[in-house]
Amino acid sequence: MQQKLRLWNDWLSSHMFLVVLFALFTGFFLQIPDSSVTRFLVILLFGYMTFITSLSISFKKFIEVLRHPWVPLWTLALIHFITPLVAWLAGILFYPNDFLIRIGYLICACIPVGVTSVIWTELSQGNTAVSLVTVTLDTLLVPLLLPLYFKLILGQSLQINYTAMVLELLAMITLPSLLGMAVHDWTKGKAVHFAKHIGGLTSKIGFFSVILISAGLVAPEVHWSSTLLKTLLVTLFIVIAGYSLGYLGSFAAKDRSYATTIAMIYNVGLRNLSFGLVLALTYFPAAAALPITLGMLYQQPIAAIIPYLYKQSPLKKLPPNQANANL
C-alpha cells in the first residue's frame, strides 16, 4: 500500500504543471464565495503542507542557515527593495496616466513572500531550510516595510491589521515548521518516509485545494475583454521579472548550487497575492486589485514549469550534499 501511495506521490510531483492548471481551471468555473470558513480552511491546508514539508528538515539544518543567513537576507533585499522598484517603474512606463493600476503593481511587489514558495522549493528539491528561514524572517519584516512604501508613494499611512496578518503567517509557516522539525528530530529522521508517501500525497491534494479555492475567489474579479490584453501582458512581464530576479540574484551566492538557486527563484518570484488582493480591495478602488488578480493567473503555472527549465542544467547533476550547500 505504501509503495502505491509513493508511486502516486512521485507521479504528482512530476506532473505538478498539469495539477496546477486543472486546479485553476476548476476554481474559475466554481467561483467559490469568500467567507471566514473558506479563509480558515486555506490557513489550515497551508499549515498542513508546511508541516509535511518540514518533516524532511532537522533543527540542526535550520539553525545552520540562521547562523549564516546571507542567502535569506540577500533574498529579502531583492524582494523588498529591487522588485518594488521594478514594478513601480513598469507601472510608470506602461500606465503613466493610471495611478490605480500602478498602485496595484506596487502592492504585488511589496506584499509578503508567498507561503507556497516553501512548498514549491520542496517539490523541486531546492534548499527548503533557506526558504523557510526567508519566509520566517519576512514575517517579521513586512509589517515594518509595507507602511513605509505607501508613506513614500502616497504620502499617507495605511491602517492595516498587521497583528492578524502576522498571526496568519505564524499559523501557516512558523508553528507548523517548528512542529515538523521537532517530529523529524524526535523520530530520528524516520518521519521522512511518511512525507514521501501518504504525507506527500495528502499535502499535494491540499495544494490542489488551495489553488482551486484561490482561483474560485479571484474569478468574480476578472471581467474578460479585449482591453484586458495589455494588463495581462504587463502582469506576465512583472511576474516573470520576479522569478528572473531570483535566478540572477543567485549568482551572488558563494558556492552557488541548484538547491540554493531554486529556493531564491521561488522566494523572490512568489507573493502572497491573496493578502495583496484583500489589501487592495480594502484601501483602494477595485481597479487597483486588477493587476493582483491577474497575477494569480500566472504565479502558480510559471512556478510549475520552473523545474522543467532546469532539466538541461548541469547543476542538477551535482551530488546531493553539494546541491544543498549553503553559504
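This text follows the structure it describes.
## What to know about empty space enclosed by the protein
Scanning the entire structure with this criterion turns up one cavity of 30 Å³ or more. Here the largest cavity defines a volume of roughly 200 Å³. Taken together, 17 residues make up the lining of the largest cavity; nearest its centre are Cys108, Ala109, Ile238, Val239 and Arg271. For the lining of the largest cavity, the secondary-structure elements that each account for two or more residues are α5 (70-94), α6 (99-110), α12 (228-249), α13 (258-269) and α15 (290-309). Here the element with the most residues in the lining of the largest cavity is α12; it accounts for five residues. In terms of residue class, the lining of the largest cavity is made up of ten nonpolar, six polar and one charged.

## Observations concerning the environment of Gly269
Secondary-structure assignment places Gly269 in helix α13. Apart from the residues lying within four places of it in its own chain, the contact partners of Gly269 are Gly242, Tyr243 and Gln299.

## Section: the packing of aromatic side chains
This model, assessed by the stated rule, comprises eight aromatic pairs. With centroids separated by 4.8 Å and ring planes inclined at 55°, the aromatic side chains of Phe25 and Phe29 adopt a geometry described as tilted. Separated by four residues within a single helix, Phe25 and Phe29 lie in helix α2 (residues 16-30), roughly one turn from each other. On the basis of an interplanar angle of 85° and a centroid distance of 6.5 Å, the ring pair of Trp88 and Phe99 is categorised as edge-to-face.

## Concerning α5
If you check α5, its first and last C-alpha atoms are 35 Å apart, about what 25 residues at 1.5 Å a residue would give, namely 36 Å. The sharpest bend along α5 measures roughly 30° and falls at Ile82, with the proline Pro84 sitting one to four residues further on.

## Digging into the environment of Ile292
Counting through the fold element by element, Ile292 comes out in helix α15. Separated by 183 residues in sequence, Ile292 and Ala109 place their C-alpha atoms 9.6 Å apart. Residues within four places of Ile292 in sequence aside, it is in contact with Gly104, Ile107, Cys108, Leu273, Gly276, Leu277 and Ala280.

Conventions and cut-offs
- Residues numbered from 1 in each chain as written.
- Predicted model: local features only at pLDDT ≥ 70, side-chain atom pairs only at ≥ 80, totals over all residues.
- Heavy atoms only, no water.
- 1 Å grid on protein atoms, 1.4 Å probe; cavity = no way out; pocket = protein on both sides within 12 Å on 5 of 7 lines; lining within 4 Å.
- Points joined across faces, edges and corners; volume = space filled by probe spheres on them.
- Helix = DSSP H or I, 4+ residues; strand = E, 2+ residues; numbered from the N terminus.
- Nonpolar A, V, L, I, M, F, W, Y, C, P; charged D, E, K, R; others polar.
- Contact = heavy atoms within 4.5 Å.
- Phe/Tyr/Trp six-rings, centres within 6.5 Å; stacked < 30°, edge-to-face > 60°.
- Expected span 1.5 Å × (residues − 1).
- Bend = angle between axes of the 7 residues up to and from the residue.

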